[in-house]
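# Analysis of the macromolecular model
Here is what each chain is made of, one letter per residue.
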Amino acid sequence: MKEKFKTYYDSYLKLFTHLSLEELEILRSQLEIKELGKKDFFLKRGEVQKHMGYVCKGLLRRYYINEKGNKITTGFVKENEYATDYPAFIRQKPTKYYMECLEPSVIIELSYQDIQEGYKKFKNNEMYGRLIAEYVLTVQTDRVESFLFENAEQRYLNFIHDNPDIINRISLTHLASYLGIERQSLSRIRKKIAKK
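Note that this is a predicted model, so its numbers are computed, not measured. (Residues numbered from 1 in each chain as written. Predicted model: local features only at pLDDT ≥ 70, side-chain atom pairs only at ≥ 80, totals over all residues. Heavy atoms only, no water.)

Bringing helix H7 (residues 172-179) into the picture now. Counting buried positions along H7 yields six of eight residues, so the element is predominantly enclosed. Considering only its buried residues, H7 is in contact with strand E4 (60-65), strand E5 (71-77), helix H5 (123-149), helix H6 (152-162) and helix H8 (183-195). The positive-phi residue at the C-terminal boundary of H7 is Gly180, with phi of around 80°. (Buried < 20%, exposed > 50% of the residue type's maximum accessible area, 1.4 Å probe, protein only. Helix = DSSP H or I, 4+ residues; strand = E, 2+ residues; numbered from the N terminus. Contact = heavy atoms within 4.5 Å.)

Following the criterion strictly, the structure yields 11 salt bridges and no others. One salt bridge in this structure joins Arg28 and Glu25, with 4.0 Å as the shortest N-O distance. With Arg28 and Glu25 both in helix H2 (residues 21-30) and three residues apart, the pair spans about one turn of that helix. Through salt bridges that share partners, Lys6, Asp10, Glu25 and Arg28 make up one connected network. (Salt bridge = Lys/Arg side-chain N within 4 Å of Asp/Glu carboxyl O.)

Moving on: unusual backbone geometry. Negative phi values dominate among residues other than glycine, just as trans dominates among peptide bonds. Its identity is not glycine, yet Lys39 carries a phi of approximately 75°, on the positive side. Residue Lys39 is classed as exposed on the basis of its relative accessible area of 59%. The residue Asn80 is not glycine, and still its phi comes out positive at about 70°. Considering the arrangement of structural elements, one finds Asn80 in the loop between E5 and strand E6 (82-83).

The residue His18 is located in the loop between helix H1 (6-13) and H2 in this model. If near-sequence neighbours (up to four positions away) are discounted, His18 is found in contact with Glu23, Asn124, Asn125, Met127 and Tyr128.

Two packed helices can be described by the angle between their axes and the distance between those axes. It is the contact of H1 with H2, at a shortest axis distance of 11 Å, that shows an interaxial angle of 135°. With respect to their mutual orientation, H1 and H2 come out oblique. Handedness of the crossing formed by H1 with H2: right-handed. The residues of H2 that touch H1, namely those facing Tyr9, Asp10 and Leu13, are Leu24, Leu27 and Arg28. Residues that form the contact of H1 with H2 fall into these classes: four nonpolar, no polar and two charged. (Axes fitted to C-alpha atoms, helices over the stretch in contact; angles between N-to-C directions. Parallel < 35°, antiparallel > 145°, perpendicular 65-115°, else oblique. Left-handed = near helix turned anticlockwise from the far one by under 90°. Nonpolar A, V, L, I, M, F, W, Y, C, P; charged D, E, K, R; others polar.)

Next up, the structure:
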C-alpha cells in the first residue's frame, strides 16, 4: 500500500526541511494514507480527531449545522493543506464540524500521539507545530475580519482571487454559504461583475 502512494509521502516529507534523515525516517514510518470517496467524511461532529490530515489530492468542505438545520460552510481544504479542526485537535475535544469530501481524496494522516511524541523528542518539530498553529490562526482571523470589514461582493472577489484553483470545483450553493449570503445574492453579484 505504501509503495502505491510513494510520491505523496515524498512530497509531504519535503515540507520538513528542518529534520535530519533519522527524524525523516521515523516520521515516514508514522504516516498513514486514507483514501476517501466523494461525499465521504474525514471528520464528523462529535468525533475527537485522532489524526492530523494533509490533503495530497482532492477537496473537502468544512461545515456545521445551525439551529435551523442548515449546513453552513466555513471553509474548503484543498491539496497541500491540513484537514483539521485545529483548536479541537490540539485539546483532543469533540469537533463541532463536519469535513466532507467534495471529490475523491487522498489524505496523509499523522496521529496526535505521534505528533506529541515528536515534539518531545525533536525540538525542530515544535517549530513546525507552531507554524501550523500560526497558519490556522491567520486563516480564521482573516475569515472573521472579512465579515466585519468587507461586503459580500468584496468577499466573493477575494475568494476567487485567493482560490482560482477551486472556484470551478465547488458548487455555487457551497460558495454562497461560505460567503454568508443566499444563492440568489451570489448570482446577482456574479451578473454585476460580468457586466463590468
